[in-house]
Amino acid sequence: MLFQFYNTKTHKKEPFHPKDPGRVKVYSCGPTVYNFAHIGNIRSFLFVDILRRALKLGGFVPDQSMNITDIDDKIIRESIAKGISVEEFTKPWTAAFFEDLNSLNVQTLEHYPKATESISDMVDLVHKLQHQGLVYEKEGSLYFSIQKFGNYGKLSHIDVSGMKSGARYDADEYEKDDVRDFVLWKNKKSEDEKSWDTDLGSGRPGWHLECSAMIRKVYGSGVDIHTGGIDLLFPHHENEEAQSQGAYPEEEFVTTWLHCEHLLVDGEKMSKSKGNFYTLRDVFSKGYDSKQIRYHLISSHYRSKLNFSFAKLEESKQALDRIQTTLTRILEILNYDWEKLDGSDFQKLREKISHSSVSNAVSEFESGLCDDLNLPKSLGSVFEFLREINQNLDSGNWSAKECVSLVYYFQIVDSVLGLLEFEKPESTFSAAEEAEIEDFIRQRKEAKANKDFAKADEIRKTLTERGIQLIDVKDGSTQWKKIQ
Ligand code: AMP
Ligand code: ZN
């Protein structure tokens, strides 16, 4: 699969060619662990999961990292207020973050570096920057000099010409129209503030420094892809670029920057500071399940703003049910035995699939993903194909063998969606009832062979009254399903 990704830095869709397809380096900005993540944050983490799954489907081997920001102003403030250490404070929130990801079937990444475990890497990076003459000191804190760097603003496309020389920021976040030098290392200001004694002085890192240093720590180089929510583009990612390119001017820091748009509530960005947020637990407590939430958050294009609504969670359930119902129907036809087919069956299948509508449907699904991870486009093709599948099954055009190739199709789809069930659910019929239905079907076949059509019709009627529909397939077999 040849992916085209929209690179925020160039404002263009570009073909994706990782430096090493056997190790695609992807770094994503992760959570600040001071509370439960809200589902806006979770949208950006699900985007990382979709990217990972698509890369795998495309035959790449991802080597992914997501950092855990376990030190910042808020964390220090709140741990001091609670009278506990930073570690004690962040531990349960870090655990809650992984619990949330687990409940949404997000795949585990290769690395989750923590800021507090990467301090020496941050100190090394500041030394590199000092060596390049890009750092100055003021009242014990160290700042990055934007003017000395001279290449600032290339990622977020901001104009720095009006910038006041020597104006500085200690805060982690600030606005685009007020560009100033940003802090690399914050001098310790009070006794109870968490700090590290390093040869930069006693203090702690600035937030932006963390990601640049952790990328270096994990990969020893730059990365193929860097992701984050769009709110991180400036200043966070601009500052990451400045630090990393400043320290290693001869190397490319990031080849492709991907930014996920915001989740909105009533047209406004969901955020803790606005108070217009829901955590995953809030949504669960209203009776919605993790599949509905995952589907809602992944089914829009990652570069489109998405309005969160409970009505859309309901719609998500219906959409997902449509996919699952068809898959379950196929699995029931196969009696969940498709895994037991032998090698020669698969060989025949492969030939069959290669020029069937299944192979077209697989290509349609993949081509959506290749187009800048356009999952809505891929899903559109799935719903179209569902119609075709059901028509063919209803008319008895497709037999069990076609159904096996359909299972492959659904496995490909689900390798990205992560939402379907392939296991046999608890049957609503007991084994004895199922055996009885099979026996009726055998008797009906016999009656038809003896041209006793009245008896055959009688058996069909009996089963219909019991809520069972019979489907005669062209290969001579008969399938049955529960009438919904
Ligand atoms: P934080 O824990 O605040 O550092 O944020 C973690 C991730 O969530 C970052 O990539 C943010 O850009 C992203 N994020 C924050 N708010 C939203 C939102 N409303 N919609 C989508 N992503 C968001
Ligand atoms: Zn970051």
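In this text, all values refer to a predicted model and were calculated from it rather than measured experimentally. (Residues numbered from 1 in each chain as written. Chains lettered and ligands numbered in written order. Predicted model: local features only at pLDDT ≥ 70, side-chain atom pairs only at ≥ 80, totals over all residues. Heavy atoms only, no water.)

Looking at the sheet that holds strand S15 (residues 306-307)
Sheet strands line up and pair through hydrogen bonds in the backbone, either parallel or antiparallel.
Piece 1. Taken together, three strands build an open sheet; the order of strands is S14-S13-S15 and the sheet is mixed. Taken across any chain shown, the strands that pair with only one partner, and hence form the sheet edges, are strand S14 (268-269) and S15.
Piece 2. As judged from the two bridges shared by strand S13 (residues 263-265) and S15, these two strands associate in the parallel manner. Bridge pairing links leucine 264 to asparagine 307 in S15. (Pairing = 2+ DSSP bridges. Helix = DSSP H or I, 4+ residues; strand = E, 2+ residues; numbered from the N terminus.)

With respect to the sheet that holds strand S11 (residues 223-229)
Piece 1. Pairing within the open sheet is parallel, and its four strands lie in the order S4-S3-S11-S12. Looking at which strands have only one partner, the edges of the open sheet turn out to be strand S4 (62-66) and strand S12 (254-260). When the angles between neighbouring strand axes are averaged without regard to direction, this sheet yields 20°.
Piece 2. Pairing analysis gives three bridges linking strand S3 (residues 24-28) to S11, with the strands arranged parallel. If you follow tyrosine 27 over to S11, its bridge partner there is histidine 226.
Piece 3. In this fold helix H1 (residues 39-57) packs onto S3, S4, S11 and S12, with an angle of close to 170° to the strand it touches most, S4.
Piece 4. Seen against the sheet, helix H6 (residues 207-219) touches S3, S4 and S11 and runs at an angle of roughly 150° to S3. (Axes fitted to C-alpha atoms, helices over the stretch in contact; angles between N-to-C directions. Contact = heavy atoms within 4.5 Å.)

Digging into the packing of helix H10 (residues 310-333) against helix H13 (residues 375-394)
Piece 1. At a minimum axis separation of 10 Å, H10 and H13 run at an interaxial angle of 40°. When the axis of H10 is compared with that of H13, the two are oblique. Judged by the twist between their axes, the crossing of H10 over H13 is left-handed. Taken together, the residues of H13 that come into contact with H10 (itself represented by Ala319, Arg322, Ile323, Thr326, Arg329, Ile330 and Ile333) are Leu379, Val382, Phe383, Leu386, Ile389, Asn390, Leu393 and Asp394.
Piece 2. Tallied by class, the residues present in the contact of H10 with H13 amount to ten nonpolar, two polar and three charged. (Parallel < 35°, antiparallel > 145°, perpendicular 65-115°, else oblique. Left-handed = near helix turned anticlockwise from the far one by under 90°. Nonpolar A, V, L, I, M, F, W, Y, C, P; charged D, E, K, R; others polar.)

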